[in-house]
Each structure stands twice: as C-alpha cells, then as structure tokens.
Amino acid sequence: MEILGEKALKLKIAQVAPLYESVPPQFYGGTERVVSYLTEALVDLGHEVTLYASGDSSTKANLRPICKRALRLDKTSVDPHADHVFMAERIFREAGEFDIVHSHIDYSFFPLLRRMQTAHLTTLHGRLDIPNLRDLYREFADMPVASISHRQRAPLPWADWQTTVYHGVPEKMFKPVATAGKYLAFLGRISPEKRVDEAIQAANRVGMPLKIAAKVDKVDVEYYQAVVKPLLNRNVEFVGEIRDSDKNEFLGNAAALLFMIDWPEPFGLAMIEALACGTPVIARNRGSVPEIIEQGVTGYIVKNVDEAVEAIPEISRLNRKRCREAFEQRFTATRMANDYINVYEKLILAQIAPKIAAAL
C-alpha cells in the first residue's frame, strides 16, 4: 500500500469470486455480477486489482483463473467444491502479494482467512436466517464481514460487522427510458420464494401483460412445471434468461418491475437495475425492500397480491426521472467501490498498526 500522509493512493486488492458463474455472468448470477462491477470500478479508481474467478471471466483487472469456465456451464464439473478448495489454498499461498483479500464466498474460506497475515474482508451475499449457521458464525465471530443491507444482519447481531455496502451498477450501463411501457416485468429466478406466481396473479387481475425474464435452476424445474407453467397464458410471456445487453430494453420499456418476493432477500439487484432504467418497482415488504425502494417515490411497497393490484394503476403517478436520480445518488458502482475502499483502509491499518508500533 502506497501512502501519502493518511491517504492511500493505491491498494493491492484481491477479489475472490464464486466459480459457479463467470465474472460477469453470461446470464443470471447476482454475486458474480456484483463482483464484476466492484472490480472494474476499483480498477477505474486507480487500484491494482487481482480477480480470482473462472477462466471465462472478462475484466480489466489481473485475472487469475481457477477453472477453465464457469462451473454451472461446464458439463464436466461433477464436484464444484473441489475447485473452491483449490482456490482457497491458492489464495492463502498468494495472500502476501496483496494489501487486502476481499472474499465473496461467504463462510467457506473462514478457517484459512483466520490464519492469514493479510488483511481480509468477507461480504456475505446470502440469507443468514438459517438455523445451523448460528454456531458457525459464533465460532468465527472474529471474522470481519460486510452486509449488503441492514436487514441482512438481523439473524447474526454478534458478527464482526464492519459496514453495510449496498450494491451498485455502472452508471452508464443503463439508459433511463422516459416513457412507461404497457407491460409489467419480472426479472430474476424461478423459485418458490421469488413468487412469480403472485406476480402473474397481480398482472392477470388488472389485465396488464407480464413478461418474465428468468432462470430456471435444476432444483426448480419441478416447481416451474407444476406451479408456474400452468399459469402462463396470452397475458403472460415467459422470455427465459436474458443477457445484460437485453436488460435495458426489457426493464426500460416496462411500466414497473414486480418484485413479489416471499423471503428475506438480502438485497435484490433487479430493483436497482430497474431504477437505473427509470422504471419503478412494486415489491413485497420483505428483506431489504424498504431500504431500496422509497414508498410513493421510486415504487410501492406492498404486503400481498391485493395491495399489488391496488398499486399497479398508481404507477403512472410516479416520476421515472426521479427513479433514475435515486439510482444515481445511491446505487452506482463507483459509490459501492468507494464505500469498500473506506473499510479496506481501516482493516489494512489495523493489520499493520502493531508492526508500525513495534518499529518505533
């Protein structure tokens, strides 16, 4: 770390991504997408960044590939855990090259990070209300962690929370669309907790078309076939997975994004992607939703399908320009990177302070 007075000019940062998707993902993939946005923003801010990820990733940083391609798309990948154990050992061996190691693998690397001499931070991207996580996080209560929303922290108040950093998207990635379209949008993943079935119900009840751009994981195929597919009709179009390049048109031309989640969503990247396009959001009051959406300004926060049905006709009252402004003020990748730099510097100084004191 090069320091001028108390200001860090350049940090040597290792970003550690999951290997299931490339960075950025070709299609669906929240964590890997955020890691990409963060990595590129850090490079743009002048830092020296090394990205540990799959070999088919694309980055301006120094890429150190762990496997040839994203594991979800690799038909020869039988045991993805093996690739992540290999990555953990490699990072532990090479950690001395960096000022800080930033992991996005949740708790998997905690045993090695605890024994590492380099400063480190782990951003927790998943839900934390799972009962058997409690003992694990109590054991590793000394691990410096970051949350992606304040609500995410609630199940584990004793964790060593360093900061909350909301996700960010590159400011120029999406262009706002001033005029609202005539359909509703659902973007994300087909699963019971995402409640696409309720989005369909709401759209059908108001007679408004719904377009669904979503991934169907293997574990959710049965749910899709049994619950979702029978609900599809002339009013509902299943688009499937879409690329980032397709999102601006898909979200920007929608009247609103329906986000009827029924689980404690830690963040919900689709919400800020919609706001970046100037598109308001109608979302159930679960997880991070109240932290992201401003009621009556950037969308409507609802309790159930009935309230969503009541909110849909009110969409035209919302100012799409204000939705874009909220994105620019709160949810850009540059803002996210600067927030992380602040905590990086704090952790690095805490790590080297004993050495400085010993040298005096």
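Located above this text is the structure these notes cover.
Residues numbered from 1 in each chain as written. Predicted model: local features only at pLDDT ≥ 70, side-chain atom pairs only at ≥ 80, totals over all residues. Heavy atoms only, no water.

A. Region of interest: the overall build of the protein chain. Counting secondary structure elements, the protein chain contains 12 helices and 15 strands. The C-alpha atoms of the protein chain give a radius of gyration of 21 Å, which matches the 21 Å a tight globule of 360 residues would have. A principal-axis box enclosing the C-alpha atoms of the protein chain has dimensions of 70 × 45 × 35 Å. Considering the protein chain as a whole, with its 360 residues, one finds that 54% of them fall into the buried category. At a minimum sequence separation of 6, the contacts of the protein chain that also span at least 24 residues come to 65%. Computed over 45 positive and 46 negative side-chain charges, the separation of the two mean positions in the protein chain equals 2 Å. (Helix = DSSP H or I, 4+ residues; strand = E, 2+ residues; numbered from the N terminus. Rg over C-alpha atoms; globule rule 2.2 N^0.38 Å. Buried < 20%, exposed > 50% of the residue type's maximum accessible area, 1.4 Å probe, protein only. Contact = heavy atoms within 4.5 Å. Lys, Arg positive; Asp, Glu negative; His and termini not counted. Charge placed at Lys NZ, Arg CZ, Asp CG, Glu CD.)

B. Highlighting the pattern of salt bridges. Applying the stated rule across the entire model yields 25 salt bridges. Among the salt bridges present, the one from R90 reaches E94, with a minimum N-O distance of 3.0 Å. With R90 and E94 both in helix α2 (residues 80-94) and 4 residues apart, the pair spans about one turn of that helix. The buried category is assigned to R90, whose relative accessible area is 18%. Here R195 makes a salt bridge to D262, at a shortest N to O gap of 3.6 Å. Placement of the pair is R195 in the loop between β10 (183-189) and α5 (196-206) and D262 in the loop between β13 (254-259) and α8 (269-276), with a sequence separation of 67 residues. Each of R195, D197, E198, D262, R284 and R286 takes part in a single network of salt bridges with overlapping partners. (Salt bridge = Lys/Arg side-chain N within 4 Å of Asp/Glu carboxyl O.)

C. Looking closely at the nonpolar core. Ranked by size, the top nonpolar core spans 57 residues in total, and within it L257, F259, V281, Y340 and Y344 carry the most contacts. The greatest single-element share of this core, amounting to 9 residues, is contributed by helix α12 (residues 333-359). For Y340, the residues in contact, after removing those within four places along its chain, are L38, H102, L121, T123, A146 and V165. (Core = buried A, V, L, I, M, F, W, Y, C linked by side-chain atoms within 4.5 Å.)

D. Geometry of the environment of R322. Structurally, R322 is set in helix α11 (residues 320-330). Not counting residues within four places of it along the chain, the set of residues in contact with R322 comprises E294, V297, T298 and Q329.

E. Representation of the sheet that holds strand β15 (residues 299-302). Spatially, β12-β11-β10-β13-β14-β15 is the arrangement adopted by the 6 strands of the open sheet, whose pairing is parallel. Strands at the two margins of the open sheet, each flanked by one partner only, are β12 (236-238) and β15. Averaged over all pairs of adjacent strands, the angle between their axes in this sheet comes to 20°, without regard to strand direction. Across 3 bridges, the pairing between β13 and strand β14 (residues 281-284) is parallel. Residue L257 lies in a different strand from β14, and its bridge partner there is V281. Along the sheet, α8 contacts β10, β13 and β14; its crossing angle with β13, the most-contacted strand, is approximately 165°. (Pairing = 2+ DSSP bridges. Axes fitted to C-alpha atoms, helices over the stretch in contact; angles between N-to-C directions.)

F. Broad picture of the sheet that holds strand β7 (residues 119-123). What the 7 strands build is an open sheet, ordered β5-β4-β3-β6-β7-β8-β9; its pairing is parallel. Each end of this open sheet is capped by a strand with a single partner; those strands are β5 (62-65) and β9 (160-164). With strand direction ignored, the average angle separating the axes of adjacent strands in the sheet is 25°. Looking at chain direction, strand β8 (residues 144-147) and β9 are connected through 4 bridges and run parallel. Bridged to A146 within β9 is T163. Against the sheet, helix α1 (residues 30-44) engages β3 (12-16), β4 (48-53) and β6 (100-103), with an angle of about 160° to β4. Contacting β3, β4, β5 and β6, α2 crosses the sheet at an angle of about 155° to β4.

G. Seen up close, α8. α8 sits mainly inside the fold: 8 of its 8 residues count as buried. The set of residues buried in α8 consists of L269, A270, M271, I272, E273, A274, L275 and A276. After α8 finishes, the residue G278 shows a positive phi value of roughly 85°.

H. Quick look at the packing of α8 against α11. Viewed as axis vectors pointing N to C, α8 and α11 meet at an angle of 120°, and their least axial separation amounts to 7 Å. With respect to their mutual orientation, α8 and α11 come out oblique. Judged by residue contacts, I272, L275 and A276 of α8 engage C323, R324 and F327 from α11. (Parallel < 35°, antiparallel > 145°, perpendicular 65-115°, else oblique.)

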